[in-house]
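Commentary on secondary and tertiary structure
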2 protein chains.
Amino acid sequence: MSDPVLFYFDFSSPYGYFAAHKIDETVADFGRRVTWKPIMLGAAMKETGNRPLTDQPIKGDYCRRDWDRLARYMKVPWTMPDKFPITTLAAARAFYWLDDDDPALARKFAGAAFHAYFGLGQDITESGAVADIAEPLGVGREALLSAVQDPAIKERLKIETTKALKAGVFGSPFVVIDGEPFWGSDRLWVIRRWLKSGGW
Amino acid sequence: MSDPVLFYFDFSSPYGYFAAHKIDETVADFGRRVTWKPIMLGAAMKETGNRPLTDQPIKGDYCRRDWDRLARYMKVPWTMPDKFPITTLAAARAFYWLDDDDPALARKFAGAAFHAYFGLGQDITESGAVADIAEPLGVGREALLSAVQDPAIKERLKIETTKALKAGVFGSPFVVIDGEPFWGSDRLWVIRRWLKSGGW
């Protein structure tokens, strides 16, 4: 069986949110499955010297317009959060904690966390907000609040982020297929063609 | 008749080069024509705080790989120039000088300049190199060398660049359709859908 397609993202990334709606089906059409990998994009930005999109003059305004437009095109909920960008440590740690036991549940949680932040515009920085998102999926509140403070889980997220940077990941979303890197939600069409033809 | 689609680019932009191969046919399918507008991307980068892609750690390596890959996919010639990025004042001035009298000739010249720089990897910084590109198209060498030093032509390029920045252009390629902005060569598919549906 082929290796899974690696889907790197930060829960605070609008383009990550849009790609998250499409990545599973995009690669499933070619018999491939996806491993979701939240990372801390801030660490990547330190390496590249990049800044959050909305902090960039002119480009920030364009991106806000582009997110509204993409949401309308894709017919997905969109609310620009008042607090943006945010630190998504708690959400990413919760993801890996769930992922160890139940990847399908972690995947559901990731969708719910993205929906809370960008679909509804809720602040998901704090552990309590993350527990609110996970609880309806059957995740114990106290267990989650404890897990996101667990040194082993904290370390796991650091390792995943460091490994991603070493693999060349510098943005969100970032997809790696059999070692081939694809950056950006606008490249899903390239991914589709790449998988269809087996590369070129 | 509809207003022309505005295609902003810098002759030193790889993604501008790729989009240049497709923009005319992309919009012609919807009965629209294109006005090509070279600008000085360096001026836009000053406003946004962005840097040339190859100066950015990790991202620069990705882009080099992406350009090779896009060229193979699109089956267009590609040679990463030894000198990159370059100042494209001479080429852009020559373009506007030609454009005043003969937009079709200016369009041909733009294609030839892009081909020389990114197809063949030749340095097109100097006026002499630009004259070498224009001469086979029937453009007098001395007239061109004189035009690119003409204060009126110099001013024209400044005005075009300033107007572009005011219109929100911050990258290359950048396409504006009836006031709607689209950034990046990966967005040609969005442009196609936008024109097909009349927006959304």
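Heads up: these notes are all about the structure in this document. (Residues numbered from 1 in each chain as written. Chains lettered and ligands numbered in written order. Predicted model: local features only at pLDDT ≥ 70, side-chain atom pairs only at ≥ 80, totals over all residues.)

1. Let's talk about the relation of the copies chain B and chain A
For the pair of chain copies, the relating operation is a rotation around an axis with a shift along it. Here is the rule we go by: Least squares is the method for superposing the copies, and the C-alpha atoms it fits come from residues with pLDDT of at least 70 in both.
Expressed as a screw transformation, the operator carrying chain B onto chain A has a rotation angle of 180° and an axial translation of 0.0 Å, and the superposed copies differ by an RMSD of 0.0 Å. One copy is carried onto the other by what is essentially a two-fold rotation axis. It is Asp186 of chain B whose C-alpha, among those of chain B, lies nearest the rotation axis, at 3.0 Å.

2. Observations concerning the sheet that holds strand β3 (residues 174–177) of chain A
All names here are of chain A. Rules: Two strands are said to pair when DSSP picks up at least two bridges between them. Only DSSP runs of H or I with at least four residues qualify as helices, and only runs of E with at least two residues qualify as strands; both kinds are numbered from the N terminus onward. Where helices are involved, their axes are fitted lines through C-alpha atoms of the stretch in contact, as for all axes, and angles between N-to-C directions lie from 0 to 180°.
With mixed pairing, four strands are arranged side by side in an open sheet as β2-β1-β3-β4. At either margin of the open sheet sits one strand with a lone partner, and together these are β2 (34–38) and β4 (180–183). Each strand axis lies, on average, 20° off the axis of its neighbour in the sheet, ignoring direction. Strand direction decides the pairing type here: strand β1 (residues 5–9) and β3, joined by three bridges, are antiparallel. Pairing of Leu6 across the sheet is with Val176, part of β3.

3. Considerations on the sheet that holds strand β1 (residues 5–9) of chain B
Residues and elements named next belong to chain B. The strand order β2-β1-β3-β4 describes an open sheet built from four strands, whose pairing is mixed. At either margin of the open sheet sits one strand with a lone partner, and together these are β2 (34–38) and β4 (180–183). Strand-to-strand twist across the sheet, computed as the mean angle between neighbouring axes with direction ignored, equals 20°. As judged from the five bridges shared by β1 and β2, these two strands associate in the parallel manner. Residue pairing across strands places Phe9 opposite Pro38, the latter belonging to β2.

4. So, the packing of helix α5 (residues 89–101) of chain A against helix α7 (residues 127–134) of chain A
Residues and elements named next belong to chain A. Filter applied, for reference: Roughly parallel means an angle under 35 degrees; roughly antiparallel, over 145; roughly perpendicular, 65 to 115; everything else is oblique. Each crossing gets its hand from how the near helix is turned against the far one by less than a right angle, where anticlockwise is left-handed and clockwise is right-handed. Our contact criterion uses C-beta atoms placed from the backbone: two residues qualify when those atoms are within 7 Å. For this classification, Asp, Glu, Lys and Arg are treated as charged, while Ala, Val, Leu, Ile, Met, Phe, Trp, Tyr, Cys and Pro are nonpolar and the rest, including Gly, are polar.
Packing of α5 against α7 leaves a shortest axis separation of 8 Å and a crossing angle of 45°. Comparing their axes, α7 and α5 come out oblique. The interaxial crossing formed by α5 with α7 has right-handed handedness. Seen from α5, the contacting residues are Ala90, Ala91 and Ala94; seen from α7, they are Ser127, Val130 and Ala134. Of the residues assigned to the contact of α5 with α7, the class counts are five nonpolar, one polar and no charged.

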